Amino acid sequence: MSDTTQDGALATSQPPSEDAGLSPAELARKYGLSVSGARPSLAGYVRQLWDRRHFILAFSRAKLVAQYSQAKLGQLWQVATPLLNALVYYLIFGLILNAGRGMEKGVYVPFLVIGIFVFTFTQSSLMAGVRAIPSNLGLVRALHFPRASLPISFSMQQLQQLLYSMLVVFVVTVLFGNYPKLSWLLVVPALVLQFVFNTGLALIFARMGAKTPDLAQLMPFLTRTWMYASGVMFSINEMLKDRPAWIADVLQWNPAAIYMDLIRFALIDDYGRENLPPHVWAFAVGWSVLIGVGGFVYFWKAEERYGRG
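Residues numbered from 1 in each chain as written. Predicted model: local features only at pLDDT ≥ 70, side-chain atom pairs only at ≥ 80, totals over all residues. Heavy atoms only, no water.

Engineer: Which residues make up the side chain of S235, and what are the values?
Structural biologist: Positionally, S235 belongs in the loop between helix 9 (215-228) and helix 10 (236-239). Judged by relative accessible area, which is 12%, S235 ranks as buried. When residues no more than four places from it in sequence are discounted, the contact partners of S235 are A99, M103 and F111. (Helix = DSSP H or I, 4+ residues; strand = E, 2+ residues; numbered from the N terminus. Buried < 20%, exposed > 50% of the residue type's maximum accessible area, 1.4 Å probe, protein only. Contact = heavy atoms within 4.5 Å.)

Structure, rendered in structure tokens:
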């Protein structure tokens, strides 16, 4: 069809489109369009992560190797760092402050070493999680992949580092008269539960750190407070025996203390059940499920917002 304008020019007109009057949402449904980067369903998100399991594992291994690539001792620092921390804490808390009172030296030294190595596992996973998105913005903005791959990969990196360190823990434990027995097998489920807990914690703080990068500057103060409240260097029961019982109960039921004490109980002969809070395995499973599943869902809910700030 054609028409003539006031200046004599010939203009053409088109018949009304069949899409006229449709809203953007209706147009998207009509042509099968979807929002770029939209959050998938929870089940679909889990499938995407499973499809990228090889990437997650390879990325964690690469980060582990690169961590000490510039140091002359290389990967030995994975073991040397927490071991040196344990030595410093033994000099200050064990010898000077006598924080191991109530325990013989053969119990206190492996008690302290286990506490340092196991707490470092949780601490490092948390710190890596809070930096997961801000430290990898280039990767997040350049490629499409489930963002939970990053904090999960960093937690796996810390797990691999702990497994190397456990060789030192076993050696120290044996040197102080604690020899392998069936109870040592309890280390496996304890570490599995702690890994799930750490991963959920990393996911929670990854979302928080993506929105507030300055949170990473605050975390060392929070983790240091958590360490002192978890009985890493001393027995909570012994240190608080003159205080109301509920204070010791609260500190013993915090997840970091629970996972440390389970591994101490498994490896140290004279660290008996009386040092564990009641229903300790139920609390270990409960913390793992609550933080692991809850952290995953909490991170997934903001999936479409990562890297867009």
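Engineer: If you had to explain helix 2 (residues 42-51) to someone new, which residues and values would you point to?
Structural biologist: Of all the positions in helix 2, only G44, Y45 and L49 are classed as buried. In an axial view of helix 2, the angular spread of the buried residues amounts to 140°, which keeps them on one side of the axis. In helix 2, the exposed positions that point more than 90 degrees away from the buried face belong to R47, W50 and D51. In this structure, the buried residues of helix 2 make contact with helix 3 (53-67), helix 7 (149-175) and helix 13 (280-300). (Arc of directions from axis to C-beta.)

Engineer: Any chance you could break down the packing of helix 7 against helix 8 (residues 187-211) for me, citing the residues and the numbers?
Structural biologist: The N-to-C vectors of helix 7 and helix 8 enclose an angle of 145°; their axes lie 9 Å apart at closest approach. Helix 8 is crossed by helix 7, and the crossing has right-handed handedness. Every residue of helix 8 that contacts helix 7 at P151, I152, S155, M156, L159, L162, L163 and M166 is listed here: V187, L191, F195, N198, T199, A202, L203 and A206. Residues that form the contact of helix 7 with helix 8 fall into these classes: 13 nonpolar, three polar and no charged. (Axes fitted to C-alpha atoms, helices over the stretch in contact; angles between N-to-C directions. Left-handed = near helix turned anticlockwise from the far one by under 90°. Nonpolar A, V, L, I, M, F, W, Y, C, P; charged D, E, K, R; others polar.)

Engineer: I'd like a description of the packing of aromatic side chains, backed by residues and values.
Structural biologist: Applying the stated criterion to the full structure yields 14 aromatic pairs. Relative to Y228, the ring of F93 has its centre 6.5 Å away and its plane inclined at 45°; by these criteria the two rings are tilted. A residue pair is termed long-range when its members are at least 10 positions apart, and F93 in helix 4 (residues 77-96) and Y228 in helix 9 qualify at 135 residues. Consider the rings of Y108 and F111, whose centres lie 6.0 Å apart with planes at 25°: the pair is stacked. Of this pair, Y108 and F111 are both found in helix 5 (residues 105-130), three residues apart, which corresponds to roughly one turn of the helix. With respect to burial, Y108 and F111 carry one shared label: buried. (Phe/Tyr/Trp six-rings, centres within 6.5 Å; stacked < 30°, edge-to-face > 60°.)

Engineer: Would you mind going over the side chain of N178 in detail, with residue names and values included?
Structural biologist: Of note, N178 is situated in the loop between helix 7 and helix 8. For N178, the side chain forms a polar contact with the main-chain oxygen of F176, separated by 3.4 Å. Apart from the residues lying within four places of it in its own chain, the contact partners of N178 are G106, P110, T173, W184, L267, I268 and D269. (Polar contact = N/O pair within 3.5 Å; in protein donor to acceptor, adjacent residues only side chain to side chain.)

Engineer: Quick one: what's the story with the pattern of salt bridges, residue by residue and with numbers?
Structural biologist: Overall, the coordinates contain three salt bridges when judged by the stated rule. For the salt bridge of D269 with K181, the shortest nitrogen-to-oxygen distance reads 3.0 Å. Remark: K181 occurs in the loop between helix 7 and helix 8 and D269 occurs in the loop between helix 12 (255-267) and helix 13; sequence separation between them is 88 residues. Assessed through its relative accessible area of 34%, D269 is described here as partly exposed. In this structure, the salt-bridge partner of D261 is R264, at a minimum N-O distance of 3.2 Å. Of this pair, D261 and R264 both sit in helix 12, three residues apart, which is roughly one turn of the helix. The exposure class assigned to D261 is buried, which follows from its relative accessible area of 6%. A relative accessible area of 1% places R264 in the buried class. (Salt bridge = Lys/Arg side-chain N within 4 Å of Asp/Glu carboxyl O.)

Bear in mind that shape data such as this cannot, by itself, settle questions of function.
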